[in-house]
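So you can see what is in the structure, the chains are spelled out below.
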Amino acid sequence: MPQPLKIAIVGALGRMGRQMAETVAADPRLQLVARFHRPGSTGEGLVERDEALSLADVVIDFTTPAASAELAKACAARGGPALVIGSTGFTASELAAIAAAAKTIAIVRSGSYSLGLNMLTGLVEQAARAFEPDDCDIEILEAHHRFKVDAPSGTALMLGEAAARGSGIELDDVARRARDGLVGPRDAGEIGFAVLRGGGIVGEHSVSFLAEGETLTLSHAAGDRSMFARGAIAAALWVARRPPGEYDMRDVLGFGAV
């Protein structure tokens, strides 16, 4: 029987960190070798970052963009371990830091680790490709719990990128992230985003293609965080065998280009 893959979890005291630890511990293919949080965090079996990195084959990270970028640098400086990043809301400089680290280590970074949501991404791209640009308006709605700090969600932006790819355009050129006041008529080709925050919503996303006389809506709702944990584990098992590079869940799931 092969040796279990050694996993370290960062952000161990957060919601996803606790869910990840529980899911990893229950998987015989994995060994939870370390849990760490912010520098100086103690208790609950936590260790410091450098010790965790020395023990792990793969680190799973659902923290913040800044922390993820710093972690990627630290992993690359050591020549490993590989990294699975589930943080969202990155700045351009943070993305550049992760891309630089991926020249040395293998990194999976995704706006969502749900199998269903990644299928939804492919369907959105196909639908956008099927419509002529002037045939319909594209609107993306996402809803999350009251504690989520970034908006639109990383998954909503991932869906926007899929819609833009299918339409043959750049998302940054057509994204409308907010509407307030006398904004005038909707611009042709615009991809709009709307955000709901409240309660304990794990995650809900829908993409609507609104044409004259009909509307097509593709949607996904998350029941609990365990599905994200299972997807992150699939990514960890996959990335442990990969050469340096930055990958996403389409690579992990073998979807490739739509």
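Here's what I pulled together on the structure shown here. (Residues numbered from 1 in each chain as written. Predicted model: local features only at pLDDT ≥ 70, side-chain atom pairs only at ≥ 80, totals over all residues. Heavy atoms only, no water.)

Right, let's talk about the overall build of the chain for a bit. The helix and strand tally for the chain stands at 9 helices and 11 strands. For 258 residues, the compact-globule estimate of 2.2 N^0.38 gives 18 Å, and the chain sits close to it at 19 Å. Taking the principal axes of the C-alpha coordinates as reference, the chain spans close to 60 × 35 × 35 Å. For the chain, the proportion of its 258 residues judged to be buried stands at 48%. (Helix = DSSP H or I, 4+ residues; strand = E, 2+ residues; numbered from the N terminus. Rg over C-alpha atoms; globule rule 2.2 N^0.38 Å. Buried < 20%, exposed > 50% of the residue type's maximum accessible area, 1.4 Å probe, protein only.)

Another aspect to go through is the sheet that holds strand E9 (residues 204–211). Ordered by their spatial adjacency, 5 strands build an open sheet running E7-E8-E6-E9-E10, and the pairing between neighbours is mixed. What marks the edges here is a single partner per strand, and that holds for strand E7 (175–176) and strand E10 (214–221). As paired strands, E9 and E10 are joined by 8 bridges and run antiparallel to one another. When the bridges of E10 are listed, glutamate 204 appears paired with alanine 221. (Pairing = 2+ DSSP bridges.)

Turning our attention to the pattern of salt bridges. Across all of its chains, the model carries 15 salt bridges by this definition. Glutamate 246 serves as the salt-bridge partner of arginine 109, at 2.8 Å between the closest nitrogen and oxygen. Of the two residues, arginine 109 is situated in strand E5 (residues 106–109) and glutamate 246 in strand E11 (residues 245–247); the sequence distance between them amounts to 137 residues. When salt bridges that share partners are traced, they join Asp137, Glu139, Arg176, Arg179, Arg186, Asp187 and Glu190 into one network. (Salt bridge = Lys/Arg side-chain N within 4 Å of Asp/Glu carboxyl O.)

For helix H5 (residues 115–130), spanning 16 residues, the distance from its first C-alpha to its last is 23 Å, which sits close to the expected 22 Å at 1.5 Å a residue. Burial in H5 covers these residues: Leu117, Asn118, Leu120, Thr121, Gly122, Val124, Glu125, Ala127 and Ala128. On its buried face, H5 sits against helix H6 (154–167), E9, E10, helix H8 (226–239) and helix H9 (249–253). Between a side-chain oxygen at the N-terminus of H5 and the backbone nitrogen of glycine 116 the separation is 3.2 Å; the capping residue is serine 114. (Expected span 1.5 Å × (residues − 1). Contact = heavy atoms within 4.5 Å. Polar contact = N/O pair within 3.5 Å; in protein donor to acceptor, adjacent residues only side chain to side chain.)

Glancing now at the packing of aromatic side chains. Scanning all chains against the criterion turns up 3 aromatic pairs. When the ring of tryptophan 238 is compared with that of tyrosine 247, the centres are 4.9 Å apart and the planes differ by 85°; the resulting orientation is edge-to-face. Taking relative accessible area as the criterion, tyrosine 247 reaches 17% and is therefore assigned buried. (Phe/Tyr/Trp six-rings, centres within 6.5 Å; stacked < 30°, edge-to-face > 60°.)

The next point concerns the packing of H5 against H6. How two helices sit against one another is set out by the angle between their axes and by the gap between those axes. In the contact formed by H5 and H6, the axes pass within 7 Å of each other and the chain directions differ by 30°. When the axis of H5 is compared with that of H6, the two are roughly parallel. The handedness of the crossing between H5 and H6 comes out as right-handed. Of the residues in H6, those touching H5 at Leu117, Asn118, Leu120, Thr121, Val124, Glu125, Ala128 and Arg129 are Thr155, Met158, Leu159, Ala162, Ala163, Arg165, Gly166 and Ser167. (Axes fitted to C-alpha atoms, helices over the stretch in contact; angles between N-to-C directions. Parallel < 35°, antiparallel > 145°, perpendicular 65-115°, else oblique. Left-handed = near helix turned anticlockwise from the far one by under 90°.)

Glancing now at a negative patch on the surface. A cluster of acidic side chains, namely Glu161, Glu170, Asp172 and Asp173, defines a negative patch on the protein surface. For aspartate 172, the location among the structural elements is in helix H7 (residues 171–174). Look at aspartate 172 and you get exposed, because its relative accessible area is 70%. (Patch = residues over 30% accessible without salt bridge, like charges linked within 9 Å, V, L, I, M, F, W, Y side chains within 5 Å. Areas by Shrake-Rupley, 256 points an atom, 1.4 Å probe, with all protein chains shown as cover. Lys, Arg positive; Asp, Glu negative; His and termini not counted. Charge placed at Lys NZ, Arg CZ, Asp CG, Glu CD.)

Before going further, it helps to spend a moment on unusual backbone geometry. The amide bond that connects glycine 80 to the next residue, proline 81, takes the cis arrangement and shows omega of 10°. Here proline 81 lies in the loop between helix H3 (65–78) and strand E4 (82–85).

Turning to the sheet that holds E5, a few remarks are in order. Strand order in this open sheet of 6 strands is E2-E1-E3-E4-E5-E11, and the pairing throughout is parallel. In the strand order of this sheet, the two ends are held by strand E2 (30–36) and E11, each with one partner. For this sheet the average axis-to-axis angle between neighbouring strands, irrespective of direction, equals 20°. As paired strands, strand E1 (residues 5–10) and E2 are joined by 6 bridges and run parallel to one another. Residue pairing for E2: lysine 6 is matched across the bridge by glutamine 31.

All right, on to the environment of serine 226 then. Residue placement: serine 226 occurs in helix H8. Residue serine 226 is classed as buried on the basis of its relative accessible area of 16%. Taking the C-alpha atoms as reference, serine 226 lies 22 Å from glycine 122; in sequence the two are 104 residues apart.

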